[in-house]
Amino acid sequence: MDHDTVSKTWRPVGRILRRVLGVLVEKAKTTPDVYPMTVNAIATAANQKSNRSPKMELSPEDVENALDELRKIGAVVEVQGDGRKFRYKHLLYEWLGVDKLQLAVMAELLLRGEQTLGDLRARAARMERIDGLSDLKPIVDDLTGMNLILPLSPEGRGQIVTHNLYLPEELAKLERQLKDRVNDEQDSGGRNSAHETGTITVSSSKSDLQQSIAELTKTVGELLERVERLERMQ
């Protein structure tokens, strides 16, 4: 996909709005017979105990308010359902500027937040066929290039990523958590260095740790810059 030709209409939204969007995409892909969805159906799906993080207890009123906001920014549309009930469907293909595989990945991140690439691959495969990490990697790379995904740890085995639809204050909290993670790793590295044996294996392990800390520190800085830009836009 040519990123320069994508219409960038998306923006950061709150956690309830993200949950509603994730639900609409998930149900459209996994249970199309109940899609578009009523307000009550969206509330029930948003409060599921499985495939959701954090757990939520949204009321139909919460969902209605979220849908009103999402309609205003062009992310969902109301359609006439059976009888007098209105139903809702997402417009995220256009709103995010993504294809069906990219949307499946984004939906899982919206529903569960940060996760490893391995977990993300397994979960997104519920919606679209993504056979392995080699199939997921170019999808994640494209979404990162579109600024829709944020890498939270260095590339490689166990890499953690998340979406980039956080509000500024949420992004700031995530940045603080990353700083804490960096500090924990630095403390752990210091303790381990006291037991160095001088072997190549230990030296290599220490070098890898230092590199990981440096890359995490760089990521923290980039996230902080993102927070500051978003705050200036308010």
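Residue numbering note: each chain is counted from 1, following its sequence as written. Selection of residues for local features in this predicted model requires a pLDDT of at least 70, selection of side-chain atom pairs for listing and counting requires 80 or more, and totals for whole chains, interfaces and linings are taken over all residues. Think of the side-chain values as coming from all heavy atoms in the structure, minus any hydrogens and water.

Considerations on the sheet that holds strand β5 (residues 160–163)
So, point 1. Spatially, β3-β5-β4 is the arrangement adopted by the three strands of the open sheet, whose pairing is antiparallel. The sheet is open, and its two borders are formed by β3 (115–116) and β4 (149–151), each paired with just one other strand.
So, point 2. Examined bridge by bridge, β3 and β5 share two bridges and lie antiparallel to one another. From the neighbouring strand, Thr116 faces β5, where its bridge partner is Ile160. Two strands pair if DSSP finds at least two bridges between them. Counting from the N terminus, the helices are the DSSP runs of H or I reaching at least four residues and the strands are the DSSP runs of E reaching at least two.

As for helix α1 (residues 15–30)
So, point 1. Expected span, for any helix, means 1.5 Å times one less than how many residues it has. An ideal rise of 1.5 Å per residue puts 22 Å on 16 residues; α1 measures up with 22 Å between its terminal C-alpha atoms.
So, point 2. Relative accessibility decides the category of a residue: with a 1.4 Å probe and only protein chains considered, values under 20% of the type maximum give buried, values over 50% give exposed, and everything between is partly exposed. Counting buried residues in α1 gives twelve out of 16 residues, a clear majority hidden from the surface.
So, point 3. Of the residues making up α1, those classed as buried are Leu17, Arg18, Arg19, Val20, Leu21, Gly22, Val23, Leu24, Val25, Glu26, Lys27 and Lys29.

What to know about the pairing of β5
So, point 1. By the alternation rule, side chains of β5 split into Ile160 and Thr162 and Val161 and His163, which are all buried.
So, point 2. Across three bridges, the pairing between β4 and β5 is antiparallel. Counterpart to Ile149 in the pairing with β5 is His163.

Points about the nonpolar core
So, point 1. The term nonpolar core refers to a set of buried residues drawn from Ala, Val, Leu, Ile, Met, Phe, Trp, Tyr and Cys, joined through side-chain atoms within 4.5 Å. Judged by nonpolar contacts, the single largest core of 50 residues is most densely connected at Ile42, Trp95, Leu96, Val105, Leu143 and Leu148.
So, point 2. When contributions to this core are tallied by element, the ones reaching two or more residues are α1, α2 (39–46), α3 (60–72), α4 (92–97), α5 (100–112), α6 (117–124) and α7 (133–145).
So, point 3. Considering every element that reaches this core, the biggest residue donor is α5, with eight residues.
So, point 4. The contacts of Leu148, once residues within four sequence positions are left out, are Trp10, Leu96, Val98, Met106, Leu143, Thr162, His163, Asn164 and Leu165.
So, point 5. Counting residues in each nonpolar core, the second largest holds seven residues, with Leu152, Ile160, Tyr166 and Leu174 among its members. Residues count as neighbours in contact if any of their non-hydrogen atoms are within 4.5 Å of one another.

Describing the confidence of the model for the protein chain
So, point 1. Scored from 0 to 100, pLDDT reflects the predictor's confidence in each residue. When pLDDT is averaged along the protein chain, the result is 84, and 74% of the positions lie at 70 or above.
So, point 2. When the criterion is pLDDT under 50, residues 193–207 qualifies, and its contacts beyond four places in sequence or with other chains add up to four contacts.

Some details on the pattern of salt bridges
So, point 1. Salt bridges, as used here, are contacts in which a Lys or Arg side-chain nitrogen is within 4 Å of a carboxyl oxygen on Asp or Glu. All chains considered together, the criterion is met by eleven salt bridges.
So, point 2. Close ionic contact of Asp68 with Arg71 constitutes a salt bridge, the shortest N to O distance being 3.8 Å. One end of the pair, Asp68, and the other, Arg71, are both in helix α3, three residues apart, so they sit about a helical turn from each other.
So, point 3. Taking the shortest distance from any N to any O, the salt bridge between Arg129 and Asp131 comes out at 3.0 Å.
So, point 4. Each of Glu26, Lys27, Arg52, Glu108 and Arg126 takes part in salt bridges that share partners, so that together they form one network.

Here we look at α5
So, point 1. Helix length check: α5 (13 residues) gives 19 Å between terminal C-alpha atoms against 18 Å at 1.5 Å per residue, within 8%.
So, point 2. Along α5, the residues that are buried comprise Gln102, Leu103, Ala104, Val105, Met106, Ala107, Glu108, Leu109, Leu110 and Leu111.
So, point 3. Identification of polar contacts relies on pairs of N or O atoms within 3.5 Å, with a donor-acceptor requirement for protein atoms, meaning one able to donate a hydrogen and the other able to accept it, and with residues adjacent in sequence counted only if both atoms are side-chain atoms. The N-cap residue of α5 is Asp99: its side-chain oxygen and the backbone nitrogen of Leu101 are 3.2 Å apart.
So, point 4. Once α5 ends, the next one or two residues include Gly113, with phi positive near 75°.

Section: unusual backbone geometry
So, point 1. The omega torsion of the bond from Tyr35 to Pro36 falls at -5°, within 30 degrees of zero and hence cis.
So, point 2. Its location among the elements puts Pro36 in the loop between α1 and α2.
So, point 3. Residue Pro54 is bonded to the preceding Ser53 through a cis peptide linkage, with omega at 0°.
So, point 4. We note that Asn51 has phi near 60°; this positive angle belongs to a residue other than glycine.
So, point 5. Tracing the chain through its elements places Asn51 in the loop between α2 and α3.
So, point 6. On the accessibility criterion, Asn51 (23% relative accessible area) is partly exposed.
So, point 7. With phi around 70°, Asn147 is a residue other than glycine that occupies positive phi space.

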